[in-house]
Amino acid sequence: MPNVTFILDGQRRSFDVDLASMPYGHHGLRGSLLDVALNVGVVVEHVCGGNCACTTCHVIVKSGAEQLSELSDDEADRLDAAWEVTPQSRLACQAVVHGDVECEIPVYTRNYVEEGGGIRLGRIHT
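What counts, and at which threshold
Residues numbered from 1 in each chain as written. Predicted model: local features only at pLDDT ≥ 70, side-chain atom pairs only at ≥ 80, totals over all residues. Heavy atoms only, no water. pLDDT = per-residue confidence, 0-100. Helix = DSSP H or I, 4+ residues; strand = E, 2+ residues; numbered from the N terminus. Contact = heavy atoms within 4.5 Å. Pairing = 2+ DSSP bridges. Buried < 20%, exposed > 50% of the residue type's maximum accessible area, 1.4 Å probe, protein only. Salt bridge = Lys/Arg side-chain N within 4 Å of Asp/Glu carboxyl O. Phe/Tyr/Trp six-rings, centres within 6.5 Å; stacked < 30°, edge-to-face > 60°. Core = buried A, V, L, I, M, F, W, Y, C linked by side-chain atoms within 4.5 Å. Axes fitted to C-alpha atoms, helices over the stretch in contact; angles between N-to-C directions.

Visitor: Can you lay out the confidence of the model for the chain for me, pointing to particular residues and giving the numbers?
Guide: Interpretation of this model should avoid reading the predicted coordinates in detail wherever pLDDT is low. Mean pLDDT for the chain: 87, with 86% of residues reaching 70 or above. By mean pLDDT, the top-scoring element of the chain is strand β5 (residues 101-104) (98), and the lowest-scoring one is strand β6 (residues 119-120) (35). Taken as a whole, residues 115-126 scores under 50 in pLDDT and shows 9 contacts with residues more than four places along the chain or in a different chain.

Visitor: Please set out the pairing of strand β2 (residues 11-16) residue by residue, giving values where relevant.
Guide: Note: strand β1 (residues 3-8) against β2, 6 bridges, orientation antiparallel. When the sheet's bridge partners are listed, Ile7 is paired in β2 with Arg12. Linking β1 back to β2 in an antiparallel pair, the connection comprises 2 residues, with Asp9 at a positive phi of about 50 degrees.

Visitor: Summarise helix α1 (residues 33-40); cite the residues concerned and give the values.
Guide: Burial in α1 covers these residues: Leu33, Leu34, Asp35, Val36 and Ala37. Looking at the buried residues of α1, the elements they touch are β1, β3 (58-63) and β5. Directly beyond the C-terminal end of α1, a positive phi value near 85 degrees is found at Gly41.

Visitor: Got a sec to walk through the pattern of salt bridges? Specific residues and values, please.
Guide: Throughout the structure, instances matching the rule amount to 3 salt bridges. The partner of Arg12 in a salt bridge is Glu102, and the shortest N-O contact between them spans 2.7 Å. Linking Arg12 in strand β2 with Glu102 in strand β5, this pair joins segments that are 90 residues apart in sequence. The class for Arg12 is exposed, based on a relative accessible area of 52%. In this structure, Arg90 engages Glu75 in a salt bridge whose closest nitrogen and oxygen atoms are separated by 2.8 Å. Here Arg90, found in strand β4 (residues 89-91), pairs with Glu75, found in helix α2 (residues 73-79); they are 15 residues apart in sequence, far enough to count as distant.

Visitor: Summarise the packing of aromatic side chains; cite the residues concerned and give the values.
Guide: Considering all chains together, one arrives at 1 aromatic pair under this definition. Relative to Phe15, the ring of Phe6 has its centre 6.4 Å away and its plane inclined at 55 degrees; by these criteria the two rings are tilted. One exposure class covers both Phe6 and Phe15, and it is buried.

Visitor: How would you sum up the nonpolar core? Please name residues and give values.
Guide: Ranked by size, the top nonpolar core spans 27 residues in total, and within it Val4, Phe6, Leu33, Val42 and Val44 carry the most contacts. Among the secondary structure elements, those contributing two or more residues to this core are β1, α1, β3 and β5. Of all the elements, α1 adds the most residues to this core, at 4 residues. Leaving out residues up to four positions away in the same chain, Val4 has contacts with Arg13, Ser14, Phe15, Val17, Leu33, Val36, Val97 and Val101.

Visitor: I'd love a proper account of the sheet that holds β1, names of residues and values included.
Guide: The strand order across the open sheet built from 5 strands is β2-β1-β5-β3-β4, with neighbouring strands paired in mixed fashion. What marks the edges here is a single partner per strand, and that holds for β2 and β4. For this sheet, the mean angle separating the axes of adjacent strands, direction not counted, is 35 degrees. Pairing of β3 with β4 involves 3 bridges; the strand directions are antiparallel. In the strand pairing of β4, His58 is matched with Leu91. Sitting on the sheet, α1 touches β1, β2, β3 and β5, and the angle it makes with β1 is about 80 degrees.

Here it is in structure tokens:
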């Protein structure tokens, strides 16, 4: 059973996931980082519904890149439009998990309004 770790705001949340029995939510590819995140309750933005049509699910793979599916041409083309792309960048909707992996969800991809944060309509609420 793979262990998938998501890093949000410096905090690690790790999950042992049974990919074979995990329900498929039709967001991204079956068994993708996005699919896993949504199944375990980790918020990963995915404006396009996980169809490799935007970059809001951009993650940085910290370890276990070899445990993910290969980067497709479509994913590579889409990543060209993402902010702060690194050699470890992947789209969570396309990176299918095959083993232990750790990824960071960058702050600039997160929707703080949806997550209950303080930014609304361009104004900061405290």
